[in-house]
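Analysis of the macromolecular model
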Amino acid sequence: KNFFNTKNITSILLLSFAYIFLGIISIEYTTMSSGVVIAWLPNSVLLAFFLIKKIKEWKYYIPFFILSEIIVDYPIFTVLQALQFSLINIFETAVSAFLIKKMTSPINLPFTNTKYIIVFFLVALNIMPSISSILGATVYTTQVVENSTFFEFWRIWYFGNSVGILLLTPIIVITYEKFDLLKEYFLNIKNIITIIFAVSLAIVLFSYNNQMTTLPTTPLIFILILLWIVYKQGILASLILALIFSIITMYFTINSTGPFVIFSQRETTIFLQEFVAILTIIPLFIGALLFEVKESNKKLIDLNNILEEKVKEKTKILLESNEKLTLLASKDALTNIYNRRMLNEYILQETKKSKRHKINLSLILLDIDHFKDINDKYGHKIGDEVLIEISSLLSKNIRQSDIFGRWGGEEFIILLPQTNIKNAYEVAESLRKKIEKHYFDKVGKTTISLGVSMYNPKDNILDFIENADSAMYKAKYNGRNKVECFNGIFK
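What counts, and where the lines are drawn
- Residues numbered from 1 in each chain as written.
- Predicted model: local features only at pLDDT ≥ 70, side-chain atom pairs only at ≥ 80, totals over all residues.
- Heavy atoms only, no water.
- Axes fitted to C-alpha atoms, helices over the stretch in contact; angles between N-to-C directions.
- Helix = DSSP H or I, 4+ residues; strand = E, 2+ residues; numbered from the N terminus.
- Parallel < 35°, antiparallel > 145°, perpendicular 65-115°, else oblique.
- Contact = heavy atoms within 4.5 Å.
- Nonpolar A, V, L, I, M, F, W, Y, C, P; charged D, E, K, R; others polar.
- Pairing = 2+ DSSP bridges.
- Patch = residues over 30% accessible without salt bridge, like charges linked within 9 Å, V, L, I, M, F, W, Y side chains within 5 Å.
- Areas by Shrake-Rupley, 256 points an atom, 1.4 Å probe, with all protein chains shown as cover.
- Salt bridge = Lys/Arg side-chain N within 4 Å of Asp/Glu carboxyl O.
- Buried < 20%, exposed > 50% of the residue type's maximum accessible area, 1.4 Å probe, protein only.
- Polar contact = N/O pair within 3.5 Å; in protein donor to acceptor, adjacent residues only side chain to side chain.
- Phe/Tyr/Trp six-rings, centres within 6.5 Å; stacked < 30°, edge-to-face > 60°.

Across the interface, helix H1 (residues 6-29) lies against helix H2 (residues 42-52) with an axial gap of 7 Å and an inter-helix angle of 150 degrees. The pairing of H1 with H2 is recorded here as roughly antiparallel in orientation. Contact with H1, carried on its side by Leu 15, Ala 18, Tyr 19, Leu 22, Gly 23 and Ser 26, involves Pro 42, Asn 43, Ser 44, Val 45, Leu 46 and Phe 49 of H2 and no other residues of that element. Of the residues that constitute the contact of H1 with H2, the class distribution is eight nonpolar, four polar and no charged.

Pasting the structure below:
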């Protein structure tokens, strides 16, 4: 109900002016001396409007289109005849637009899709012009001229409407819907030279009044030029250049120059209309194919990027999961320090390193004193808490380079790279005192017994561990809460 605002009234006036202007151009400059109109351009504005606008808005503009047709036709036809012609044109273009919209939904970008162009070609350039031509020819033969055949009027109306729609409707719709396609045409020196050459060639060819008796193949060069433009610069640029070629062709042919005038008026009209149609249809269809290929490639690239991102994401998750699994496989579930499997791997690595580089390596094996009594008296849950607390205390009081883990039950191992037995003993004694002084909330005081051994390259790994184990049992045998070193006597 708020349709008639400044914006819409301006649109109505501009469309009416464009309709009248193109009608005058069609009558004055695209009509052969025989009276045959090569291209009736106003219908291109009508169809473009109906394709662009929503169906519910059509009714506001139709009266102005009728008035515009009457203004264009008034110098030639009666008001009643002009009114009939306007209603026929509106019927043709409105039904064409309605069918195209229904048959191509949900295509959002017209004339850049081959399905859309095929439907446009069948409906707007063939079916509806054929039907409206019957109505137009009826008006002509019964009310205007009676000495021509019905079929001749039908053909004039059909081809005039089809060529006019073909020349301008795609350009108007594409420019309105996707103006940025015009930006694809880069005005560099190469493209400017191509345009100047092509336009100059068209002017020279069609302004030349030759006396040839057969149609030369020279006009076909413009199709090749348009294919080059559509490939390099896109569909819109090629359609605009096709329009320029068509204007040049029609202007000079109507003025009896160029390659088409070797034929009779009727044959010249047919060849000219066919040539103009081919000039537009080929770049229109090829342009749509190229646009689809480009969009498909873009979608493939986007899909590939998405897949790559998903692969990266999944790989990251997999690596994180592997790290977690590795961590779980290498850590003791209760104390979160190295488990026996990892301790064995580290002992193997460090003993090889010690043998190869001739560096010291020591090992501390320790056991919690009377730990069975703690479990029996306070329960296994409290026993677990003691294990966790002791492992935390020991972790905080060894070097970062030292390797600390749970050997099993209440036994722990500390592997000390680049450490002789004397320094290892000092570390063990320090740890013993830390535990002895520490007060455990649930169980009070507890102690540990520790055995120390140093790696001898002549011995195997089992001897290295068993020596520390023997020393630890000596500490327990001597009263617990002690540190004992393996010196070759105890085994």
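Moving on from the coordinates now.
As a general point, the strands of a sheet are linked pairwise by backbone hydrogen bonds and lie either parallel or antiparallel. In space, the five strands of this open sheet follow the order S2-S3-S1-S4-S5, with mixed pairing throughout. The sheet terminates laterally at strand S2 (403-408) and strand S5 (483-485), the two strands that pair on one side only. Direction aside, neighbouring strands of the sheet carry axes that sit 20 degrees apart on average. Note: strand S1 (residues 361-368) against strand S3 (residues 411-417), seven bridges, orientation antiparallel. Residue pairing across strands places Ile 364 opposite Ile 414, the latter belonging to S3.

Bringing a nonpolar patch on the surface into the picture now. Nonpolar side chains collect at one region of the surface, where Phe 91, Ile 118, Phe 121, Leu 122, Ile 127, Ile 131, Leu 135, Phe 285 and Leu 289 lie side by side and expose about 720 Å² of accessible area between them. Those elements giving two or more residues to the nonpolar patch turn out to be helix H5 (114-144) and helix H10 (265-330). Broken down by element, the residue count for the nonpolar patch peaks at six residues, all from H5. Structurally, Phe 91 can be placed in helix H4 (residues 79-104). Judged by relative accessible area, which is 36%, Phe 91 ranks as partly exposed.

Attention now goes to the side chain of Ser 44. Relative to the elements of secondary structure, Ser 44 occurs in helix H2. According to the relative accessible area criterion, Ser 44 is buried, its value standing at 0%. Within the structure, the side chain of Ser 44 is placed 2.4 Å from the backbone oxygen of Leu 41, a separation counted as a polar contact.

Taken as a whole and assessed by the stated rule, the structure comprises 24 aromatic pairs. Seen in terms of ring centroids, Phe 151 and Trp 154 are 5.8 Å apart; in terms of plane orientation they differ by 20 degrees. Their pairing is stacked. Residue Phe 151 and its partner Trp 154 are both found in helix H6 (residues 150-177); the two are separated by three residues, about one turn of the helix. For Phe 151, a relative accessible area of 52% corresponds to the exposed category. With a centroid separation of 5.1 Å and 55 degrees between ring planes, the pair formed by Tyr 338 and Tyr 346 is classed as tilted. Since its relative accessible area comes to 23%, Tyr 338 is described here as partly exposed.

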